[in-house]
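Single-letter residue listing:
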Amino acid sequence: MKRVGSVSGFALLALLAIMAFAGGAFGQEEATVSPEMFTVNNLWMMIASGLVFIMHLGFATLESGLTRAKNTTNILFKNTLIPCLGVITYAFVGFGLMYPGEFNGYLGFSGFGLFPDEAGVTTAYAGGKYTFWTDFLFQAMFAATCATIVSGAVAERVKLSSFLIFSFFFVSFVYPIAGSWKWGLGFLDKMGFYDFAGSTLVHSVGGWGALAGVLMLGPRMGKYTKDGRTNAIPGHSMPLATIGVFLLWLGWFGFNGGSVLNADPAAVSLTLVTTTLAAAAGGLSATFVSWAIAKKPDLSMALNGILAGLVGITAGADQMAMWSSMLIGVIAGVIVVYAVMFFDRMKIDDPVGALAVHLVCGIFGTLAVGLFGNKAGVGQLVTQAIGVAAYGVFSFISALAIFGALKATMGIRVSPEEEQEGLDLGEHGMQAYPDFQQSSFGGGPGLGVPAGYAASQMAHGALHTKTEMA
Amino acid sequence: MKRVGSVSGFALLALLAIMAFAGGAFGQEEATVSPEMFTVNNLWMMIASGLVFIMHLGFATLESGLTRAKNTTNILFKNTLIPCLGVITYAFVGFGLMYPGEFNGYLGFSGFGLFPDEAGVTTAYAGGKYTFWTDFLFQAMFAATCATIVSGAVAERVKLSSFLIFSFFFVSFVYPIAGSWKWGLGFLDKMGFYDFAGSTLVHSVGGWGALAGVLMLGPRMGKYTKDGRTNAIPGHSMPLATIGVFLLWLGWFGFNGGSVLNADPAAVSLTLVTTTLAAAAGGLSATFVSWAIAKKPDLSMALNGILAGLVGITAGADQMAMWSSMLIGVIAGVIVVYAVMFFDRMKIDDPVGALAVHLVCGIFGTLAVGLFGNKAGVGQLVTQAIGVAAYGVFSFISALAIFGALKATMGIRVSPEEEQEGLDLGEHGMQAYPDFQQSSFGGGPGLGVPAGYAASQMAHGALHTKTEMA
Amino acid sequence: MKRVGSVSGFALLALLAIMAFAGGAFGQEEATVSPEMFTVNNLWMMIASGLVFIMHLGFATLESGLTRAKNTTNILFKNTLIPCLGVITYAFVGFGLMYPGEFNGYLGFSGFGLFPDEAGVTTAYAGGKYTFWTDFLFQAMFAATCATIVSGAVAERVKLSSFLIFSFFFVSFVYPIAGSWKWGLGFLDKMGFYDFAGSTLVHSVGGWGALAGVLMLGPRMGKYTKDGRTNAIPGHSMPLATIGVFLLWLGWFGFNGGSVLNADPAAVSLTLVTTTLAAAAGGLSATFVSWAIAKKPDLSMALNGILAGLVGITAGADQMAMWSSMLIGVIAGVIVVYAVMFFDRMKIDDPVGALAVHLVCGIFGTLAVGLFGNKAGVGQLVTQAIGVAAYGVFSFISALAIFGALKATMGIRVSPEEEQEGLDLGEHGMQAYPDFQQSSFGGGPGLGVPAGYAASQMAHGALHTKTEMA
């Protein structure tokens, strides 16, 4: 009988394990899930991290496509450095600031660096959703996004070194502290504020930073003339801009889908569908609104409409029905067109439309949770508005302070001469397309002759001269 | 004994559960699988959806790369709008038309919109392969592909508004009704017709639409001269075209691999290998055949050869051996070169080779199932041919009818002046590369001066003038 | 009692199965794992294969971006053909050479082609990590990388046909034989040499091939002038180069993450984090070092720094701590800048910096395992050095032999005229950007007129003339 008894014990244990497995997929609150579920959850979170990573390439191509050829190397440089900077600073301080554990709800710090204990790679870390390493990776990919949003708005005139210092502080401190208020379970989380994947925590925080930068920098030369005219300054490559938006859309599958924080079939698949419907609806509505206004179908508006829909759905992507998702997309698509026109009328010069997309639609999306979400109602709407305001005040003032300090010391804007000739030559001594661009230094060679040779001596000159001397 | 008995019951239950798990991977016909298997199956289907999505960027870059710079904004606009339009219309009507449930085998409709019951997100929906939402997402990403195929063939002369209306009808009705005949378990499915991932259902349906469009539009100005010469009109950016083909190859991993409809290791991995071998073999064979004919290695033929191999393997990617996969790729690579030459000789002007790739190789791939597939033989070959013919008749006539009605009313072709100056200025007032393109309006600025400024007043003029007045 | 006994047996069986599941995630040495674990493991390996595949697009865009517009079609052609060639030859001979099973440790062959027995798609093949087909796919995607590395270094002057023949031999024989010494469990594996994902087996093997090619070809015309000056020859498109590096970084998630060979949460997530930290640190350190030297922030150095970090971490990505990962990235970023300058000073002309990135940092990364890895110490360091040397001798001599034989027979370098006018016209008769490039044949049309028409008759001439005659 002992043996039977012991077998019964085993069988019970087996049953409990199976029940844990079965429960795991839909309510992962159990202390642990099966190794298989842990593995598939963690796999999805790693893939989502990769998808968010590729958004940085999306931003790089979108922003460079929507600006002029003479500033392309500069923009690519910024957008290449930002994820590098973001990942490293997030490893040192950001992760600890954003997820401080038990804290006062406003500011906390769980420590420098990435040194998990042994449990960090087991189901004990997060109930089998992901490991410590995956947690860091996914969050780190998010972190740099804020600074990237700023990058587009201040493009074509910001001083590179100042922008990199701004990015360092914004990514290292402003974003993670703000993030801790909600995702770190701080005071806004306790208040019931909801932002599923970051309409506010990521996009409008970045948008406020962009607004601060744009206001302190002023518009680009030639954008608003003395006689009151507004000149459009078209981007230099529509293919690059289009590549950027498609990559962002793809990346948003990880941005929103990964924010489920596990691979739950019901939750993730709903999130991907709401995300896709909002993007598509935003693209269509921005197209038709801008077509009606301008009498021409505007590709850049179609692209911004898609992004508007994506930003708009982000705060509630886990809980919208088909109609709500499409409606959010449609409204965001309309908003983005009028917001672009509004900022232009206010002579606030944002080369890529980052304010309209990330700030305005980020706010709209956050409020939309109070209008269309699970707990829609006046109470939720007010809470959402409080969250929007809290993030706005903190992010905008922080960004103003950083840009202000930089402006007062090292300056934040390139010289008019440099702006005229392009930041690629001024800041980098390297054109983005030397075979197709005429050098502005002493009337370089025209197209068709090996332009590279002439431009090259400036471009790589210092480095290579050094080489020769070494 | 009661307790033992009850333990026995538990143990039996546990065993059954385990057996269900074990069976799940290889024969998922059971009513249900474990939550883990459901999660991993659904994860793969979501990832496959993302991969098919990125094919739209692949088409956008391929088609714009293979046409002229002056029509680039127009092509990008079409290829951006099509997935937006495709997803939204598929949500409203396409999904219900394509998967009508029990129906007469020719035309059915299961209802508007996306409103799953609670079982839609459980293993009850599809035996644990995917949720309702994932099902929609994967199928919706397929839907827009047809219209995108047409887009390339009619490029550089089709009127934008007419094309968008055509796409609306083609994606909303023609593709899903045709799809229901096989994948919706309609009459061709009952007949034994086989098309694993859409050599016919997607590619040749799109190809027939393209042929209808090309025939009704006629060739581009200057393509075929009065004295009988054929002018090649090279694409404006080989990097864009190459990016397109690599993204399509990658996306095909989802297109074919996702068509397994679960993550079964044996089936999906075989499918990815046959797909890859056919693509590689197609690239090599098209390269060497065109090299032999033209005495020069032709990049665009290498690229089209890869696509030919991919289209060719698609109908039977789940069941080919190594040799068959390579052979299908090799044959498709040869076919695509001769098909390009054939259409050119017939003065059927297809700027990107869509007819050769999607129509001709789509038909070949479908027949190849009767030649090399599991049930190869005369009977299967005849059935495949019947399917090919049925899809051809329906798609071609439908597309002719839509294009014909548009031609008779609003017209389908831009004016010769617009075609000459480019659709980017004519349709959109926006050049794709304003810094590098001379405006054709009144002799704009040459290269090296800030071309953007001058071009911009046309490009964004209407929208911004409105802004100023607002 | 019989029934209870049999139930006890079932229960025990159930328990054992569960224990196997539980063990599966962390130590997959068991003969078998659950179907779910098999499915998720195999899924990750398939996705990793897709990620490594996209590295080929990364190389194509990086290499074409860092070279001149007049050679772009040629580079794209090579980088399109290489994966095709790589996959097909790996199917025929490479896979069998690299994984020969029991062998003498130096050279073995397990047979031609891909014909798994039935067990090849079950957990019996690799203990539930992946199927035979996935194994082939993942390894095949690696194989072509070597030749692609060579491609960049020999760009802008190598004869196409000779390069393709070189690639054939290098991918078919040199890489897999070298690979068998470690990953095929050959003599270096038995000696304790460690190279997790290929700092040496892939990157330095490719780098040695590149060095052999560069030495036999000599520098590009105009790179080093008679009066001792070094001319920088800047690449023609910084956006393409940047796209390339981001895609490579993304692809490296599969390259390193997939090298875990299953989806184990702890191992894969650590690997992705070490990979990302090293990439980011490399990007930052190369930026600051080159900024300090040249007084300008150099985008191409930032990009190469990221790649340097990635190559550097690859040999030990599964076992580095946060500090070690960053340190490896920082050191690699410094090394790559000085290595670029070193090769330039030695008049070894490598247009894209492939030697600095893949050869030098590949060696560094391999030695770093002996400095920072699990078994760091003099013994391990010596073993690593022996491996580095063995691979160096074999790869370099093999590549010299192949290039030497080609040089002695059909030649490996294009004519000076062809090099001057560009390999796109000389080898392919097809410009990469006909709308923006002036034809060098008889003073073609300038920018702004429909350049495509004039250029086209050369570009597609032969093929289309043939068409007309057919």
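This structure is a prediction, so every number in the text was calculated from the model and none was measured.

(A) Just the overall build of chain A, in detail. The number of helices and strands found in chain A is 17 helices and 0 strands. The proportion of buried residues among the 470 residues of chain A is 69%. In chain A, 76% of the contacts between residues at least 6 apart in sequence involve partners at least 24 apart.

(B) Fine view of unusual backbone geometry. Positioned with a positive phi, Leu-185 of chain A is a non-glycine residue whose angle comes to about 70°. Here Leu-185 of chain A shows up in the loop between α5 (160–182) and α6 (187–191). Even without being a glycine, Leu-261 of chain B presents a positive backbone phi close to 70°. Checked against the element boundaries, Leu-261 of chain B lands in the loop between α9 (238–257) and α10 (265–294).

(C) View of the confidence of the model for chain A. All names here are of chain A. Summary statistics for chain A give a mean pLDDT of 89 and a share of 86% for residues scoring 70 or more. Across residues 1–30, where pLDDT falls below 50, the model places 61 contacts with residues more than four positions away in sequence or in other chains. Between residues 440–470, whose pLDDT stays under 50, and residues either more than four places distant or in other chains, the model counts 68 contacts. Complex prediction metrics read pTM 0.91 and ipTM 0.89.

(D) Quick peek at the packing of helix α2 (residues 35–65) of chain A against helix α8 (residues 238–257) of chain A. Residue and element names in this part refer to chain A. Running from N to C, α2 and α8 cross one another at 155°; their axes reach a closest spacing of 7 Å. Considering their axes alone, α2 and α8 lie roughly antiparallel with respect to each other. Helix-helix and strand crossings are classified by hand; for α2 and α8 the assignment is left-handed. The class makeup of the residues in the contact of α2 with α8 is 19 nonpolar, 10 polar and no charged.

(E) Structural context of helix α3 (residues 72–98) of chain C. Residue and element names in this part refer to chain C. The first and last C-alpha atoms of α3 sit only 33 Å apart over 27 residues, clearly below the 39 Å expected at 1.5 Å per residue. Of all the bends found along α3, the most pronounced is centred on Tyr-90 and spans about 65°. With 25 of 27 residues buried, α3 is to be regarded as a mostly interior element.

(F) Structural context of helix α10 (residues 299–314) of chain A. The first and last C-alpha atoms of α10 of chain A sit 23 Å apart over 16 residues, in line with the 22 Å expected at 1.5 Å per residue. Most of α10 of chain A sits out of view: 16 of its 16 residues are buried.

(G) Layout of the environment of Met-216 of chain A. Residue and element names in this part refer to chain A. When you line up the elements, Met-216 lands in helix α7 (residues 199–217). Assessed through the 18 C-beta atoms surrounding it within 10 Å, Met-216 is described here as partly exposed. Separated by 188 residues in the primary sequence, Met-216 and Gly-404 have C-alpha atoms spaced 7.5 Å apart.

(H) Structural view of the environment of Val-214 of chain A. Residues and elements named next belong to chain A. Within the secondary structure layout, Val-214 lies in helix α7. For Val-214, a count of 23 C-beta atoms within 10 Å puts it in the buried group. Separated by 136 residues in the primary sequence, Val-214 and Lys-78 place their C-alpha atoms 16 Å from one another.

(I) Representation of the packing of helix α6 (residues 160–182) of chain B against helix α8 (residues 199–217) of chain B within the structure. Residues and elements named next belong to chain B. In the contact formed by α6 and α8, the axes pass within 11 Å of each other and the chain directions differ by 135°. Relative to α8, the element α6 lies oblique. Relative to α8, α6 is oriented so that their crossing is right-handed. In this structure, α6 uses Phe-170, Tyr-175, Ala-178, Gly-179 and Lys-182 to contact α8, whose residues at the interface are Leu-201, Val-205 and Gly-209. A class-by-class count of the residues in the contact of α6 with α8 yields 5 nonpolar, 2 polar and 1 charged.

(J) Region of interest: the environment of Pro-176 of chain C. Residue and element names in this part refer to chain C. Considering the arrangement of structural elements, one finds Pro-176 in helix α5 (residues 160–182). For Pro-176, a count of 25 C-beta atoms within 10 Å corresponds to the buried category. Here the alpha-carbon distance between Pro-176 and Gly-96, two residues 80 residues apart in the chain, equals 8.3 Å. Discounting chain neighbours no more than four positions away, the residues touching Pro-176 are Gly-94, Leu-97, Met-98 and Ala-143.

Calculation rules
Residues numbered from 1 in each chain as written. Chains lettered and ligands numbered in written order. Predicted model: local features only at pLDDT ≥ 70, side-chain atom pairs only at ≥ 80, totals over all residues. Helix = DSSP H or I, 4+ residues; strand = E, 2+ residues; numbered from the N terminus. Buried ≥ 20, exposed ≤ 12 C-beta atoms within 10 Å, placed from the backbone. Contact = placed C-beta atoms within 7 Å. pLDDT = per-residue confidence, 0-100. Axes fitted to C-alpha atoms, helices over the stretch in contact; angles between N-to-C directions. Parallel < 35°, antiparallel > 145°, perpendicular 65-115°, else oblique. Left-handed = near helix turned anticlockwise from the far one by under 90°. Nonpolar A, V, L, I, M, F, W, Y, C, P; charged D, E, K, R; others polar. Expected span 1.5 Å × (residues − 1). Bend = angle between axes of the 7 residues up to and from the residue.

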